[in-house]
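Descriptive analysis of the structure
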Amino acid sequence: MAAQAWLEAREAELLPVPYFHVVFTLPAAIGAIAYQNKAKVYGLLFKAAAETLTTIAADPKHLGADIGLTAVLHTWGQSLNHHPHVHCIVPGGGVSRDAKRWTPCRPGFFLPVRVLSRVFRRLFLEGLQALHDAGEVQFFTDLVGLKDAAAFSAYLAPLRKSEWVVYAKRPFAGPSQVLAYLARYTHRVAIANSRLLDLDDHHVSFRWKDYRQSGASRSKVMRLAVGEFMRRFLLHVLPDGFHRIRHYGLFANGHRADKLVLCRTLLDVPAAKSDRTNHDEEAEPATAAELPPCPCCGGRMKIVESFDGTYSRPFHVRRADSS
């Protein structure tokens, strides 16, 4: 329900242009640090990814325009292991630097992936080094030695030369496909119910995709002990108040509505009602008349019969719509 409310709010903000999907992934060596410093490192991941896109897009050698993007944090892979990465949804174009025209990207191509990868690597490592210098990151267990400045610098040295994974997918077919994609990714945590296959007192079985394989062999079933399944699931609990859906550039919360009006004017398309709320991950507050969800299945409750006794409080029998 929260995902549906969010999608309806975002629908009015889609522009009639191709949209691209760009993914920024942290190396495994950084993932270990990220797990011990979730708020700081995940926040830096957002910042570095957004700055990479907006900086390269603004370069006249590439697009030469101000762009907007929506970024969604994921910390999991198909097997539920820790795998921090950010999905960015970006319109294929932007507003010219003089704000007088819409600048489209080349058909089927947004920005060069290799350039994005190297700028992202530089920005992220610079930011991580700054956090370490300021004493804002902590280290435990087998990483405790990284508190030392020399040891930390040596740890990062190989990462400054390796290729970081930035993946740009082909453009979406249209705005409806953008929404369909976002519906699967915005409000889901770690694993969808549809992937769960079996549960008993000792094991959990679920479906996963092995991307190292191709064809029918890609789809597999993983069976984990209950404790290991819960350990992997809980890896992805975020710090209180941490927003895993963020908007940048033209879509930044402070001026999103005004910038969308400008974009539609430059594209010569009718204005649309804009949602000015800044709280992407909060559902609309329930009214007093709404009933609470079913504690078992989460479905919306419905009163099917009421019993009123002379000397007792009214008692209602309710069922969930999904029953």
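Scroll up to find the structure this text is about.
These figures come from a predicted structure and were not determined experimentally. (Residues numbered from 1 in each chain as written. Predicted model: local features only at pLDDT ≥ 70, side-chain atom pairs only at ≥ 80, totals over all residues. Heavy atoms only, no water.)

1. Digging into unusual backbone geometry
Positioned with a positive phi, A99 is a non-glycine residue whose angle comes to about 60°. Mapped onto the elements of the fold, A99 is located in the loop between β5 (93-96) and β6 (102-104). Given the relative accessible area of 37%, A99 is considered partly exposed. Residue D268 is not a glycine yet carries a positive backbone phi of 60°. Within the element layout of this structure, D268 appears in the loop between α8 (256-267) and β12 (301-307). (Helix = DSSP H or I, 4+ residues; strand = E, 2+ residues; numbered from the N terminus. Buried < 20%, exposed > 50% of the residue type's maximum accessible area, 1.4 Å probe, protein only.)

2. So, the pattern of salt bridges
Under the counting rule described, the total for this entry stands at 10 salt bridges. Notably, a salt bridge pairs E126 with R122, separated by 3.6 Å at the nearest N-O pair. Taken together, the positions of E126 and R122, both in helix α4 (residues 113-133) and 4 residues apart, correspond to about one turn of that helix. Two residues, E228 and R232, come together in a salt bridge whose shortest N-O distance is 2.7 Å. Of this pair, E228 and R232 are both found in helix α7 (residues 226-234), 4 residues apart, which corresponds to roughly one turn of the helix. (Salt bridge = Lys/Arg side-chain N within 4 Å of Asp/Glu carboxyl O.)

3. Re α8
Taking 1.5 Å of rise per residue, 12 residues should cover 16 Å, and α8 covers 16 Å from first to last C-alpha, within 8% of that figure. Taken together, the buried positions of α8 are occupied by R256, A257, L260, C263 and R264. Viewed end-on, α8 has its buried residues packed into an arc of 120°, placing them on one side of the element. Among the exposed residues of α8, those pointing more than 90 degrees away from its buried face are D258 and T265. (Expected span 1.5 Å × (residues − 1). Arc of directions from axis to C-beta.)

4. Overview of the sheet that holds strand β10 (residues 219-225)
Paired through their backbone hydrogen bonds, the strands of a sheet run either parallel or antiparallel. Here 3 strands make up an open sheet; going across it, the order is β8-β9-β10 and the pairing antiparallel. Either end of the sheet is taken by a strand with one partner, and the two such strands are β8 (196-199) and β10. Averaged over all pairs of adjacent strands, the angle between their axes in this sheet comes to 20°, without regard to strand direction. Judged from the 3 bridges that link them, β8 and strand β9 (residues 203-209) form a sheet pairing that is antiparallel. Note that in β9 the partner of D198 across the bridge is S205. (Pairing = 2+ DSSP bridges. Axes fitted to C-alpha atoms, helices over the stretch in contact; angles between N-to-C directions.)

5. Thoughts on the environment of H87
Locating H87 in the fold gives a position in strand β4 (residues 82-91). The class of H87 is buried, set by a relative accessible area of 8%. A sequence separation of 64 residues divides H87 from V23, and the C-alpha atoms of the two residues are 4.6 Å apart. A distance of 2.9 Å separates polar atoms of two side chains, one belonging to H87 and the other to H21. (Polar contact = N/O pair within 3.5 Å; in protein donor to acceptor, adjacent residues only side chain to side chain.)

6. Examining the packing of helix α3 (residues 38-58) against α4
One can describe the packing of α3 onto α4 by two numbers: an axis separation of 9 Å at closest approach and a directional angle of 140°. In terms of orientation, α3 lies oblique with respect to α4. Viewed along their axes, α3 and α4 form a crossing whose handedness is right-handed. Contacts between α3 and α4 pair K40, V41, L44, L45, A48, A49, E51, T52, L53 and I56 from the former with V115, L116, V119, F120, L123, F124, G127, L128 and L131 from the latter. (Parallel < 35°, antiparallel > 145°, perpendicular 65-115°, else oblique. Left-handed = near helix turned anticlockwise from the far one by under 90°. Contact = heavy atoms within 4.5 Å.)

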